[in-house]
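# An overview of the molecular structure
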Amino acid sequence: MILTKLTVTPAAQEWFKKEVNPPENLGIRFFGKVYGKTEVHEGFSIGLSVEEPENVIEEELIDGMKFFIEEADEWFFKGYDLVVDYDAKKDEPAYHFEKND
């Protein structure tokens, strides 16, 4: 099984630091949620929440800030790497999927 790789660009990291800035013991979790669409999913979009990591399958620690994907969301990311970038026009994160198999 190929695990998902999570990449958070410096621009996205700055946005999260400014807009979310989670406490030290918590991180930013990315997950699949019903409704919407992504580049590779119809009927699902990416959600994010600030919470304590539990069963992490992928984590990125950048300047003390945790970004992670939980085991329960493996179905959503399976076969893809997630790149979290920043969309300056919308002033929000932009999510890109890259096939990894």
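Per-chain numbering applies: the sequence of each chain, read as written, is numbered from 1 onward. The model is predicted, so local features are restricted to residues of pLDDT at least 70 and side-chain atom pairs to those at 80 or more, both for listing and for counting; the totals for chains, interfaces and linings are taken over all residues. Computation of side-chain values: all heavy atoms of the structure, hydrogens and water removed.

This is how the line gets drawn: UniProt positions are given in the numbering used here, feature names are shortened, and annotations may be inferred rather than shown by experiment.
Per an unreviewed UniProt entry, the protein carries the name Iron-sulfur cluster biosynthesis protein and comes from Candidatus Enterococcus courvalinii. According to the UniProt record, the Sequence similarities (unreviewed entry) comment for the protein reads "Belongs to the HesB/IscA family."

## Here we look at the environment of Val34
Note the cut-off: In this text, helices come from DSSP runs of H or I with a minimum length of four residues, and strands from runs of E with a minimum of two, each type numbered from the N-terminal end.
Mapped onto the fold, Val34 is located in strand 2 (residues 27-37). Put simply, Val34 and Leu61 are 27 residues apart on the chain and 27 Å apart in space, counted from C-alpha to C-alpha.

## Quick look at the pattern of salt bridges
Should their charged atoms come close, side chains of opposite charge can pair. How we decide: In the sections that follow, a salt bridge refers to a side-chain nitrogen of Lys or Arg positioned within 4 Å of a carboxyl oxygen of Asp or Glu. Working definition: with a 1.4 Å probe on protein chains only, accessible area under 20% of the residue-type maximum means buried, over 50% means exposed, and in between means partly exposed.
Evaluation of the coordinates by the stated rule reveals 4 salt bridges. Across the salt bridge formed by Arg29 and Glu51, the nearest N and O atoms sit 3.2 Å from each other. Here Arg29 is found in strand 2, whereas its partner Glu51 is found in strand 3 (residues 42-51), with 22 residues between them in sequence. Exposure remark for Arg29: the relative accessible area of 16% places this residue in the buried category. A cluster of three or more residues bridged by salt bridges with shared partners is formed by Arg29, Glu51 and Asp73.

## So, the packing of aromatic side chains
The line we're drawing: When the centres of two rings from Phe, Tyr and Trp lie within 6.5 Å, Trp using its six-membered ring, the rings pair. Their planes under 30 degrees apart give stacked, over 60 give edge-to-face, and anything left gives tilted.
Per the counting criterion, the structure on display carries 10 aromatic pairs. Consider the rings of Phe16 and Phe30, whose centres lie 6.0 Å apart with planes at 80 degrees: the pair is edge-to-face. Here Phe16 is found in helix 1 (residues 10-19), whereas its partner Phe30 is found in strand 2, with 14 residues between them in sequence. Judged by relative accessible area, Phe16 falls into the buried class, the value being 0%. Classification of Phe30 as buried rests on a relative accessible area of 0%. For the ring pair Trp75 and Phe76, a centre distance of 5.4 Å and an interplane angle of 75 degrees mean the geometry is edge-to-face. The class for Phe76 is buried, based on a relative accessible area of 0%. By way of ring pairs, the aromatic residues Trp15, Phe16, Phe30, Phe67 and Tyr95 are connected into one cluster.

## Section: the sheet that holds strand 6 (residues 80-87)
Put simply, the rule reads: A strand pair is defined by DSSP finding two or more bridges across the two strands. An axis is simply a line fitted to the C-alpha atoms; with a helix, the fit covers only the stretch in contact. Between two such axes, the angle follows the N-to-C directions and lies from 0 to 180 degrees. We call two residues contacting when some pair of their heavy atoms lies within 4.5 Å.
Spatial ordering of the open sheet is given by 1-6-7, a layout of 3 strands whose pairing is mixed. Looking at which strands have only one partner, the edges of the open sheet turn out to be strand 1 (6-8) and strand 7 (92-99). Across the sheet, the mean angle separating the axes of adjacent strands is 20 degrees when strand polarity is ignored. Where strand 6 and strand 7 come together, 8 bridges link them in antiparallel fashion. The partner of Leu82 across the bridge, within strand 7, is Phe97. Each of strand 1, strand 6 and strand 7 touches helix 1; the most contacted strand, strand 6, lies at about 65 degrees to it.

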